[in-house]
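Analysis of the macromolecular model
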Amino acid sequence: MDLFGAVWTWLTAAENWSGSAGIPVRLWEHIQMSAQATILGALIAFPAGVYIGHKRRFEFVAVTVGNFGRALPSFGILGLTYTFTLNWPGNIGFWPTFIALFLLAIPPILANTYVGVKGVDADTVEAARGMGMREGEVLTRLELPLATPLIVSGLRLAAVQVVATATLGAVAGWGGLGRFIVDGFSVGDDPQIVGGALLVALLAVATEVGFGLLERVVTPKTRSQRSAGGRRVLPGPAIGSEAGSAS
Amino acid sequence: MPEAMIRLEDVTKRFDSTDQSAVEGLSMEVADGETVVLVGPSGCGKTTTMKMINRLVEPTSGHIFVDGTDVLEQDAVRLRRGIGYVIQSIGLLPHRTVAQNMATVPKLEGWEGGRIEERISELVSIFDLDERMLERYPSELSGGQRQRVGVARALAADPPVMLMDEPFGAVDPIVRERLQDQFLDIQRRLQKTIVFVTHDIDEAIKIADRIAILNVGGKIEQFATPEEILRQPANDFVRKFVGVERGLKRLALMKVEEIRVEDGPVTAPGSSSKDALEELARFDFDWISVVEDGELLGWVDRSGLEKAERVSDVDPRPFSAYVTGESTLREALDSIVTSRTQVAVVATEGQRYKGILTLEKISKEIVT
Ligand SMILES: Nc1ncnc2c1ncn2[C@@H]1O[C@H](COP(=O)(O)OP(=O)(O)OP(=O)(O)O)[C@@H](O)[C@H]1O
Ligand SMILES: [Mg+2]
C-alpha cells in the first residue's frame, strides 16, 4: 500500500512531467528510438522475406535468422557495440542501443514475411501463373495481400520486443524510459523504479494493441459476412506465436 | 482435318532431380475445336504434358506449337493469357469475390469496367450461375460451384485454347455428371480447342473427340476416338485400362437415331379388332401399339382386343417408358431389360411413333 501510494505520487508529481528529464521527454525518446529501430529493421527484413518466400531461394537464411532471433542476447550486443561506437557522433549510448534494437527487430519480421508469402497455397499461385499473371502480379495481387496479416503480426512482435528492450539503453548511458529505472536503482528510489517500469509496460501494451488493431484492418476479407474469429485466413504455421513466447 | 491448333513434336521432359523422363518423345496434334482427353495411370506425365503447353514447365527437348507458333518463342505471359487453365484444386483467389475471380484475366488484359461486367453476366448465363453468388467468396461456395466458377474464370477472356487438368476430379459422381453435361453443352456452342486430363475413363469416353491413352513416360498406347478405342483396343494395356463392360460403354456412345429401328405391331384406333389381332399375331406379340396419324397413343393387349369390336373400344394404356432418337443405346437396353415385354418402343419428341428395339437388334449393333 505504501509503495503503491508512493508510486502514484511519483507518477502524478508535476515536476516529473516537465523539464529535459521529465516523463514526456523520456517517453518521446523511447518511442522515437523504438520506431527508428523497427522501421530500419523492417526496411531490410521485409524485402528479404518477400524475396525468399516468393522465390523459395535461400530459405535457410530466413529459418536461421528466425531461430537466432529468439536467442539474441540484446544485453550482450549492447556491451559489444558500446566500446567501438564511443567515437561515433550522437548522444552517448545512442548507437549501441540502436544497433541492439535494430538487430532485435529483424528476425520476427523476416520470419513472418517469409512464412506469410511462402504459405500462400501453392495451387492458387500456380493457377494464377497459369492464367498469365506476371511474377510481380502474383506477388502484389495474391501473395502479399494474403501474407499481410502475418507480416503485420511480425511487425507487432518486433515493435513490442523493441519497446521492451529499449529500456536497456539507459544502462549504456542513453535516455528513454529506462533512465527512471536505472537512475532509481543507483539512488535507491523504489517508487521511481516501479513508476518507470509501469510506463514501459504501458507503452508495450499500447504498441501491442495498436498493431493488433492494424492487423484486423489489413486482413483481407475471405467471407462476405463477418464471422466470429474470421480474421484468421492464413494456412501455414505462424512463427509469430513461437517468437512471441520466447521474448 | 483443319490445321492443328496444338502440336507436340517429339517432346521430352526430364526433371533435374530424376534420371527417368516424365515425358519421353511425345508427339501429338490437337485440331482446332477438338477436345482431346489424356488418360493414363498416375505419374504417366499427363500434368507435365499439359504444363508444357502453357510453359509452366519447359520441355527438355522437342517443340510445342500453339496456333502455329513455337511456344518457346512467345512471351510466356502472353501465351498463357490466350490459354484457359483449370486445375483440380481450381485455385480461386480466396480474398477475391466470385465476380472478381472471374474478372482476373480480363483485368490483367486491361479491359474497361463496363466490358468486364458485361462479360461476367454473359458467363453467368452460359454457366447458369446464381447472380447472388457473384459477391460471395470462394470459401462460401460448394465444391461443384467452385468447379464451375473455375471453368468460367478460365473462359473469361474467351481464349481459343483450354487446358483442363482433372477439373471435375474433386466432386461427387452426381455433380460430376452434371458438370460434364454442362461442359459438353457449352463446348458444342463455343468450339474451343481443349486438352483435358482425367483419371476416369468413362469421363473421357463421354466428353472426348479423341482419347490419348498414355503409359508411363508419356508413351501413347492409343490415340483414337472413344468409339474406336472401345471397338478395337490397340493392345492389352488399353484393354485393361478401358476395363470391363466395353460393349456397354460403346452402347453409351451410340444414339438410337443412328441405327435403324425395327418395325413392330401397330394399329390405329379406327381399325377392327380382328385386323389388330392379325397384325399382333404376325409379330408373335401379345400387345400392339396404337398410333393415330403418327402419334403414339399407347398400347392394348390381346385379351382386351378379343373382347372388343374395334380398337377404339379399348382404352390404350400409356407406355411406362419409351426411348427417343436422342437416347443412347445403353438407355434403350436398360428400357428393354426392365420392361416385361423385352421390347423398347421408340418415339421422337412429341410422341411420333418410330418403331421398336429388341435385344437382338442392339446386340447385332455392337457385334458388327
Ligand atoms: N516438379 C517436378 N520435379 C520432379 N519430378 C516431377 C515434377 N513434376 C512431376 N514430376 C514427375 O514426373 C512424372 C509425371 O508427373 P505428372 O504430374 O505429369 O503425372 P500425372 O500423369 O499428371 O499423374 P497424376 O495422374 O497422378 O496427376 C512423375 O513421376 C512425377 O513424379
Ligand atoms: Mg496430374
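Residues numbered from 1 in each chain as written. Chains lettered and ligands numbered in written order. Predicted model: local features only at pLDDT ≥ 70, side-chain atom pairs only at ≥ 80, totals over all residues. Heavy atoms only, no water.

**Some points on helix α1 (residues 46–53) of chain B**
Residues and elements named next belong to chain B. Rules: For the exposure calls, accessible area comes from a 1.4 Å probe over protein chains only, and a residue counts as buried if that area is under 20% of its type's maximum, exposed if over 50%, partly exposed in between. Segments assigned H or I by DSSP are reported as helices when at least four residues long, segments assigned E as strands when at least two residues long, and all are numbered from the N terminus.
Most of α1 is tucked away: seven of the eight residues are buried. Among all positions of α1, only Lys46, Thr48, Thr49, Met50, Lys51, Met52 and Ile53 are buried. Looking at the residues trailing α1, positive phi occurs at Arg55, about 65 degrees.

**Focus: the site of ligand 1**
Residues and elements named next belong to chain B. Going by this rule: Any residue with at least one heavy atom within 4 Å of a molecule or strand is counted as near it. As used in this structure description, the phrase polar contact means that two N or O atoms lie within 3.5 Å; if the pair is within protein, one of them must be able to donate a hydrogen and the other to accept it, and residues adjacent in sequence are counted only when both atoms belong to side chains. Under the convention used here, a 1.4 Å probe and the Shrake-Rupley method define accessible areas, while residue burial counts only the protein chains that appear. Residue polarity follows a fixed list, in which Ala, Val, Leu, Ile, Met, Phe, Trp, Tyr, Cys and Pro are nonpolar, Asp, Glu, Lys and Arg are charged, and the others, Gly among them, are polar.
With respect to spatial proximity, the complete set of residues near ligand 1 consists of Phe15, Ser17, Ala22, Ser42, Gly43, Cys44, Gly45, Lys46, Thr47, Thr48, Glu166 and His199. For ligand 1, an oxygen atom lies 2.7 Å from a polar atom in the side chain of Lys46. A distance of 2.5 Å is found between an oxygen atom of ligand 1 and a side-chain nitrogen or oxygen belonging to Thr48. With the chains in place, 60% of the 630 Å² that ligand 1 exposes on its own is no longer accessible. Of the residues that constitute the shell around ligand 1, the class distribution is three nonpolar, seven polar and two charged.

**Some remarks on the sheet that holds strand β12 (residues 287–292) of chain B**
Residue and element names in this part refer to chain B. In plain terms, the rule: We treat two strands as partners when DSSP finds at least two bridges between them. Should any heavy atoms of two residues lie within 4.5 Å, those residues are considered in contact. Note on geometry: axes are lines fitted to C-alpha atoms, helical ones only across the stretch in contact, with angles between N-to-C directions running from 0 to 180 degrees.
The strand order across the open sheet built from three strands is β11-β12-β13, with neighbouring strands paired in mixed fashion. Looking along the sheet, the strands with just one partner apiece sit at the ends: β11 (266–267) and β13 (295–301). Of the strand pairs in this sheet, β12 and β13 are connected by six bridges, and their pairing is antiparallel. If you follow Glu292 over to β13, its bridge partner there is Glu295. Helix α12 (residues 273–282) contacts β11 and β12 of the sheet and is inclined by roughly 125 degrees relative to β12.

**Quick word on the interface of chain B and chain A**
Going by this rule: The term buried area denotes the loss of accessible surface (1.4 Å probe radius) that occurs when two parts are joined, taken as the sum for both partners. Each reported salt bridge corresponds to a side-chain nitrogen of Lys or Arg within 4 Å of a carboxyl oxygen of Asp or Glu.
Opposite the 27 residues of chain B that make contact, chain A presents 21 residues. In this assembly, chain B packs against chain A so that about 2,100 Å² is buried in total across both faces, 58% of it on carbon and sulfur atoms. Across the contact surface, chain B and chain A share three salt bridges. A salt bridge links B:Asp75 to A:Arg134; the shortest N-O distance between them is 3.7 Å. Where chain B meets chain A, there are seven residue pairs in polar contact (both at pLDDT 80 or more).

**Observations concerning the pattern of salt bridges**
All names here are of chain B. This structure, assessed with the given rule, holds 27 salt bridges over all chains. The shortest N-O distance in the salt bridge between Glu122 and Arg119 comes to 2.5 Å. One end of the pair, Glu122, and the other, Arg119, are both in helix α5 (residues 113–126), three residues apart, so they sit about a helical turn from each other. For Glu122, a relative accessible area of 41% translates into the label partly exposed. One salt bridge connects Arg282 with Glu279, and the closest N-O pair in it is separated by 3.4 Å.

**Quick look at a nonpolar patch on the surface**
Residues and elements named next belong to chain A. Counted only if it meets this: Every patch collects residues that have over 30% relative accessible area and no salt bridge, joining them within 9 Å if they carry like charges and within 5 Å if they are nonpolar side chains (Val, Leu, Ile, Met, Phe, Trp, Tyr).
On the surface, Ile39, Leu40, Leu43 and Ile44 cluster together into a nonpolar patch covering about 370 Å² of accessible area. With respect to the helices, strands and loops of the structure, Ile44 is situated in helix α2 (residues 23–55). Of the residues examined, Ile44 reaches a relative accessible area of 43% and is grouped as partly exposed.

**Considerations on the sheet that holds strand β5 (residues 69–70) of chain B**
Residue and element names in this part refer to chain B. Pairing within the open sheet is antiparallel, and its four strands lie in the order β2-β1-β4-β5. The two strands at the open ends of the sheet, each matched to only one other strand, are β2 (23–31) and β5. With six bridges connecting them, strand β1 (residues 4–13) and β2 associate as antiparallel partners. Bridge pairing in β2 links Arg7 to Glu29. Here α1 sits on the sheet and contacts β1, β2 and β4 (61–66); the angle it forms with β1, its principal contact strand, is near 120 degrees.

**Brief notes about a negative patch on the surface**
Stated precisely, the cut-off is as follows: Just so you know, the count uses Lys and Arg for positive and Asp and Glu for negative, and it drops His and the chain ends. By convention, the point assigned to a charge is CZ for Arg, NZ for Lys, CD for Glu and CG for Asp.
Together, B:Glu3, B:Glu29, B:Asp32 and B:Asp67 make up a negatively charged patch on the protein surface. Note on placement: B:Asp67 falls in the loop between β4 and β5.

**Here's the deal with the confidence of the model for chain B**
Rules: Per-residue confidence from the predictor is reported as pLDDT, which spans 0 to 100.
Here chain B averages 90 in pLDDT, while 99% of its residues score no lower than 70. In the predicted complex, the global pTM is 0.81; the interface-specific ipTM is 0.79.

**Some points on the packing of helix α6 (residues 143–155) of chain B against helix α7 (residues 173–190) of chain B**
Residues and elements named next belong to chain B. Put simply, the test is: Roughly parallel means an angle under 35 degrees; roughly antiparallel, over 145; roughly perpendicular, 65 to 115; everything else is oblique. Crossing handedness follows the turn of the near helix against the far one: under a right angle anticlockwise gives a left-handed crossing, and clockwise gives a right-handed one.
It is the contact of α6 with α7, at a shortest axis distance of 10 Å, that shows an interaxial angle of 20 degrees. One finds that α6 runs roughly parallel with respect to α7. At the point where α6 passes α7, the crossing takes the right-handed sense. Contacts from Gly144, Gln147, Arg148 and Leu155 of α6 reach α7 at Val175, Leu179, Gln182, Ile186 and Leu190. A class-by-class count of the residues in the contact of α6 with α7 yields five nonpolar, three polar and one charged.

**Here's the deal with the pairing of strand β8 (residues 193–197) of chain B**
Residues and elements named next belong to chain B. With five of its five residues buried, β8 lies for the most part within the structure. Here β8 shows a buried face lined by Thr193, Val195 and Val197 and a second buried face lined by Ile194 and Phe196. Bridge count between strand β3 (residues 35–39) and β8: four bridges; the pairing is parallel. Within β8, the residue paired with Thr35 across the bridge is Ile194. Here strand β7 (residues 161–165) pairs with β8 via five bridges, running parallel. Among the inter-strand pairings, Val161 is bridged to a residue of β8, identified as Thr193.

**Quick notes on α7(B)**
Residue and element names in this part refer to chain B. Definition in use: For a helix, the expected span equals 1.5 Å multiplied by the residue count minus one.
With 18 residues, α7 should cover 26 Å at 1.5 Å per step; its first-to-last C-alpha distance of 25 Å lies within 8% of that length. Those residues of α7 that are buried lie in contact with β3, α5, α6, β7, β8 and α8 (201–207). For α7, the N-terminal capping position is held by Asp172, with its side-chain oxygen 3.0 Å away from the main-chain nitrogen of Ile174. The first or second residue beyond α7 is Gln191, which carries a positive phi of 55 degrees.

**Considering the environment of B:Leu251**
All names here are of chain B. Inspection of the secondary structure assignment puts Leu251 in helix α11 (residues 246–253). Along the sequence, Leu251 and Gln180 sit 71 residues apart, while their C-alpha atoms lie 18 Å from each other. Once residues lying within four places of it in the same chain are set aside, the contact partners of Leu251 are Thr328, Leu329, Arg330, Leu333, Ile362 and Ile366.

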